[in-house]
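Take a look at the letters that make up each chain.
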Amino acid sequence: MRILCAESLRDRNTLALPATAEALAVVHGEEDLREAFAWAAARQLPVLPLGSGSNVVLSGNLKALVVCLATTGREILRQGDESIVLGVAAGEAWHPLVEWCLEQGYFGLENLALIPGTVGAAPIQNIGAYGVELQSFVERVHALRIDTGEPLVLSGQDCEFAYRDSVFKHRLRDALIITRVDLRLSRQPDVRADYPTLARALDQSGIGAPTPRDVFDAVVDIRSSRLPDPAREPNAGSFFKNPRLPIAAAQELAGRFPGLPLYPHGSGEAKLPAGWLIEHCGWKGYRDGAVGVHPQHALVIVNYGGGDGKAVLALAERIADSVSERFAVALEIEPRVYGG
Ligand code: FAD
Ligand code: NAP
């Protein structure tokens, strides 16, 4: 394993933000990881795992050992007539895994097609799209503790998954590196196509009883047409989480702002689309120098070239302030911010 110093991270984050790592290690297995932990501890540097950088805002010189996992591997751990359990290395890319599972006849992940990133990062925010969340499939998460190098195995329940949330953002934040995720998938087609955007697309294609392949294709089509490709318009996907309010407060707000959609969320809460709130504050298509809000998607902040972490966060703050002023709703940013 080589450790590189003062390494640029511009090509390692999808917002293409200029930042450098004090040190960077590309690791190929658990031995490399333990060596990296010891190297960082000897220099009193924190260890910062980085996947594809599609859910981070990086700024300045990160005083850390940035660790990128180059591990690969998809292993069948158990299988029966109904389901199969796969162990997948954390360094694997997410979307190719979804596509491969579909080809093998391991079903369930189709709605999560085309989400950028690595398998190791997927549990961090319990990735979700089109009515499906990762938590439905996680059997075990394997990790190494950064302080001791000891292995740790968490069950799906231990991960405390919630909407775009998990134990890895709270009690175990910065404490470990995920090395493998075990996923239980169905051997029988397991189609969930009731999410409105998806149902509409399938309906328009004249598909009445969709197969997993139909769902996968429809999700890929919708995402390709609606979401800006980070390779051409650098972005980190949805910049804000959808806020949740007690149902009574949400209904009161919807009464004052006709057209505000409300979605039931758990017991006693409603979820409000952050994109709607931002759009109705006039931000869609706004541009301030190098950074701006995507003209077709109000939740997406774009670095049009030359923007830095400070500019992105300043714009995000102005957006959140205006939403708070107009709707009295607090927006929380989704990507994790490093440096500053
Ligand atoms: P990174 O951005 O590199 O890291 C994210 C966080 O996870 C960081 O805190 C990092 O330290 C930590 N981390 C990374 N790897 C590990 C590891 N092995 N062990 C411990 N911690 C780790 N998200 C959704 O949920 N649904 C979507 O539909 C969706 N669509 C997107 C569309 C676009 C165009 C973009 C740019 C992003 C989208 N995202 C979406 C967000 C993002 O793709 C996911 O959160 C993804 O899981 C991040 O993976 P990553 O490898 O890029 O993680
Ligand atoms: P959309 O379908 O236009 O919907 C806008 C928002 O309304 C979504 O955020 C969604 O919440 C919510 N919503 C819509 N219908 C819903 C329903 N029936 N029940 C509950 N919530 C509903 O969204 P989009 O922007 O095109 O994205 C489609 C999907 O991809 C969404 O699931 C979205 O989360 C996901 N996505 C995520 C990111 C990211 O970076 N996190 C980026 C792009 C897309 P949910 O977000 O809870 O689904």
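Look up a bit, the structure's there.
Structure report, in brief. (Residues numbered from 1 in each chain as written. Chains lettered and ligands numbered in written order. Predicted model: local features only at pLDDT ≥ 70, side-chain atom pairs only at ≥ 80, totals over all residues. Heavy atoms only, no water.)

### Regarding helix α1 (residues 30-42)
For α1, built from 13 residues, the straight-helix expectation of 18 Å at 1.5 Å per residue is met to within 8% by its first-to-last C-alpha distance of 18 Å. Every buried residue of α1 is listed here: Asp32, Leu33, Ala36, Phe37 and Ala40. Buried residues in α1, looked at end-on, bunch into an arc of 140°, giving them a common side. Residues Glu31, Ala41 and Ala42 are exposed on α1 and point more than 90 degrees away from its buried face. If you follow the buried residues of α1, they end up packed against β2 (19-27), β3 (47-49), β4 (56-69), β9 (138-145) and β11 (176-186). At the exit of α1 stands Gln44, carrying a positive phi of roughly 55°. (Helix = DSSP H or I, 4+ residues; strand = E, 2+ residues; numbered from the N terminus. Expected span 1.5 Å × (residues − 1). Buried < 20%, exposed > 50% of the residue type's maximum accessible area, 1.4 Å probe, protein only. Arc of directions from axis to C-beta. Contact = heavy atoms within 4.5 Å.)

### Quick word on the sheet that holds strand β18 (residues 300-303)
With respect to topology, 4 strands assemble into an open sheet ordered β12-β18-β17-β16, the strand pairing being antiparallel. Edge strands, defined here as strands with exactly one partner in the open sheet, are β12 (235-238) and β16 (287-288). Relative to β18, β12 is paired through 2 bridges, and the arrangement is antiparallel. Pairing of Asn235 across the sheet is with Val302, part of β18. Along the sheet, helix α7 (residues 309-327) contacts β16, β17 (291-293) and β18; its crossing angle with β17, the most-contacted strand, is approximately 35°. (Pairing = 2+ DSSP bridges. Axes fitted to C-alpha atoms, helices over the stretch in contact; angles between N-to-C directions.)

### Remarks on unusual backbone geometry
Of note, Asn126 is a non-glycine position whose phi angle comes to about 50°, a positive value. Residue position: Asn126 is located in the loop between α2 (94-104) and β7 (128-129). Take Asn126: its relative accessible area is 0%, and that puts it in the buried class. Backbone geometry places Tyr130, a non-glycine residue, at a positive phi of 50°. Mapped onto the secondary structure, Tyr130 falls in the loop between β7 and β8 (132-133).

### Structural notes on the site of ligand 2
Around ligand 2, the structure places 19 residues, and the nearest of them are Arg164, Thr197, Arg226, Lys271 and His297. Tyr163 places a side-chain nitrogen or oxygen 3.5 Å from an oxygen atom of ligand 2. Separating an oxygen atom of ligand 2 from a side-chain N or O atom of Tyr195 is a distance of 3.1 Å. Of all the secondary structure elements, the ones that give two or more residues to the shell around ligand 2 are β7, α3 (196-204), α4 (212-226) and β12. Composition of the shell around ligand 2 by domain shows at least three residues from each of domain 2 (74-186) and domain 3 (235-338). (Near = heavy atom within 4 Å. Polar contact = N/O pair within 3.5 Å; in protein donor to acceptor, adjacent residues only side chain to side chain. Domains from an automatic or database assignment.)

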